[in-house]
Amino acid sequence: MTSLINYDKKSDHTAVIRLERPQAANALSLALLEELNATLQQISMDKTIRCLIITGAGDKNFCAGADLKERMTMTNQQVYKTVQYIGETINNIDRLPIPTIAMMNGSAYGGGLEIALACDIRMAAAHANMGLTETSLGIIPGAGGTQRLSRQVGLAKAKELIFTAQAITAAKAKQISLVEYCYPLEQLADKTEALAAMIGRNAPIALKQAKQAITQGYDVDIHSALKVEQHCYQQTIETEDRLEGLAAFKEKRPPHFIGK
């Protein structure tokens, strides 16, 4: 049976997940979701990985979202359970303790854009279009899109995009801070891998604690957020990596972090 997820672990502490359904616009079938969740579980337990890239196969689509052909064969109850499953899968991406990058090699709609929104950083090919187009299908974004989009681009812009079901270009997405970077397709992989490598050179415990501090502190008041930061900082004090960072600075050499 052909795998629907390609998983590659690189030597620079970077891992790459590629959705492998190019003939179906990398849509989220149940079988693909099962493989994706298993891979995410594997990554969450691997302490050598410091950054994850998620991308799609081919040069046309990052991910078209839910598999609507599969959806048409389902009962209402099955549809509800499938939407929940997609949401749980995307939440599993969001909950990964390591930094994540969506390398959007092509267009992203519905659940595909929701996957990208669950990542920490989004990098898009210049030809890519994207949108939460669910209201044009009689539904709404159901895997975090109504919540994550507004946090990313602001409440009014998120309402406009969801109410109109409008797809926008990668250039427009960068303009409204939906994506952080926009590159020609032939440059996208190199630029994304370079950013992942830059992240991966840093101390893994510090990366995880920084992500936790930012994420947990974002939606609370500043005083509570500062307590979160203090707690996360404290987790780095006793690490060997902190001492290695100080030694490397003193000796004017690159640090060698081991995650302890």
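Procedures and definitions
- Residues numbered from 1 in each chain as written.
- Predicted model: local features only at pLDDT ≥ 70, side-chain atom pairs only at ≥ 80, totals over all residues.
- Heavy atoms only, no water.
- Helix = DSSP H or I, 4+ residues; strand = E, 2+ residues; numbered from the N terminus.
- Domains from an automatic or database assignment.
- Contact = heavy atoms within 4.5 Å.
- Buried area = accessible area lost by both parts, 1.4 Å probe.
- Salt bridge = Lys/Arg side-chain N within 4 Å of Asp/Glu carboxyl O.
- Nonpolar A, V, L, I, M, F, W, Y, C, P; charged D, E, K, R; others polar.
- Patch = residues over 30% accessible without salt bridge, like charges linked within 9 Å, V, L, I, M, F, W, Y side chains within 5 Å.
- Areas by Shrake-Rupley, 256 points an atom, 1.4 Å probe, with all protein chains shown as cover.
- Buried < 20%, exposed > 50% of the residue type's maximum accessible area, 1.4 Å probe, protein only.
- Pairing = 2+ DSSP bridges.
- Axes fitted to C-alpha atoms, helices over the stretch in contact; angles between N-to-C directions.
- Phe/Tyr/Trp six-rings, centres within 6.5 Å; stacked < 30°, edge-to-face > 60°.

K.L.:
Explain unusual backbone geometry here, please?
P.N.:
The general pattern is negative phi for most residues beyond glycine and trans for most peptide bonds. Within the chain, A25 stands out as a residue other than glycine whose phi angle is a positive 55 degrees. Turning to its location among the elements, A25 is positioned in the loop between β2 (14–19) and α1 (30–44). The residue S177 is not glycine, and still its phi comes out positive at about 65 degrees. Among the secondary structure elements, S177 is positioned in the loop between α7 (170–175) and β10 (181–183).

K.L.:
What is the right way to read the domain arrangement of the protein from this model?
P.N.:
What the domain assignment reports for the protein is domain 1 (5–200) and domain 2 (203–251). Using only C-alpha atoms to locate each centre, domain 1 and domain 2 end up separated by 27 Å. Facing ten residues of domain 1, the contacting portion of domain 2 comprises six residues. When the buried surface of domain 1 facing domain 2 is broken down by residue, R50, P97 and R151 rank first, second and third, together holding 51% of it. Between domain 1 and domain 2 we count two salt bridges in total. Here R151 and D219 are joined by a salt bridge, their closest N and O atoms 3.4 Å apart. When the residues that make up the side of domain 1 that touches domain 2 are grouped by side-chain class, the tally is five nonpolar, one polar and four charged.

K.L.:
Where do I start with a nonpolar patch on the surface in this structure?
P.N.:
On the surface, L68, L137 and I139 cluster together into a nonpolar patch covering about 270 Å² of accessible area. Within the element layout of this structure, L68 appears in helix α2 (residues 68–71). The class of L68 is partly exposed, set by a relative accessible area of 42%.

K.L.:
Sorry, what's going on with the side chain of T192 here?
P.N.:
Take T192: it is sitting in helix α8 (residues 185–200). Look past the residues within four positions of T192 in its chain and what remains in contact with it is I53, I101, M103 and M123.

K.L.:
Even after reading the chapter, I still don't get the pattern of salt bridges, so can you show me in this structure?
P.N.:
A side chain with one charge may pair with a side chain of the opposite charge, provided their charged atoms come close. Per the stated rule, a full pass over the model turns up eleven salt bridges. The network of salt bridges with common partners includes E244, E251 and R253.

K.L.:
When you look at the pairing of strand β5 (residues 100–104) in this model, what are you seeing that I'm missing?
P.N.:
Every other side chain in a regular strand lies on the same face of the sheet, so the side chains alternate between the two faces. Extensive coverage of β5 is indicated by the burial of five of its five residues. Covered by surrounding structure in β5 are T100, A102 and M104 together with I101 and M103, the residues of both alternating faces. Direction of pairing for strand β3 (residues 51–56) relative to β5: parallel, over a ladder of three bridges. The residue of β5 that forms the bridge with I54 is A102.

K.L.:
Can you walk me through the sheet that holds β5 in this structure?
P.N.:
Strands in a sheet are paired, the pairing made by backbone hydrogen bonds, and the direction either parallel or antiparallel. Reading across from one edge, β1-β2-β3-β5-β7-β10 is the order of the six strands in this open sheet, with mixed pairing throughout. The sheet is open, and its two edges are formed by β1 (5–9) and β10, each paired on a single side. Taken pair by pair, the neighbouring strands of this sheet meet at an average axis angle of 20 degrees, ignoring direction. Across the face of the sheet, α1 comes into contact with β1, β2 and β3 while running at roughly 15 degrees to β1.

K.L.:
Mind showing me how you'd approach the side chain of D241 here?
P.N.:
Structurally, D241 can be placed in helix α11 (residues 240–251). Beyond its immediate chain neighbours, meaning those up to four positions away, D241 contacts A203, P204, F257, I258, G259 and K260.

K.L.:
Honestly, the environment of I54 in this entry has me stumped. Any pointers?
P.N.:
With respect to the element layout, I54 can be found in strand β3. In this structure, the C-alpha to C-alpha distance between I54 and T239, residues 185 residues apart in sequence, is 29 Å. Look past the residues within four positions of I54 in its chain and what remains in contact with it is I17, F62, I93, I101, A102, M103, I115 and C119.

K.L.:
When you look at the packing of aromatic side chains in this model, what are you seeing that I'm missing?
P.N.:
What characterises a pair of aromatic rings is the spacing of the ring centres plus the angle enclosed by the ring planes. Across all of its chains, the model carries one aromatic pair by this definition. Between Y181 and Y183, the ring centres sit 6.0 Å apart and the planes meet at 10 degrees, which makes this aromatic pair stacked.

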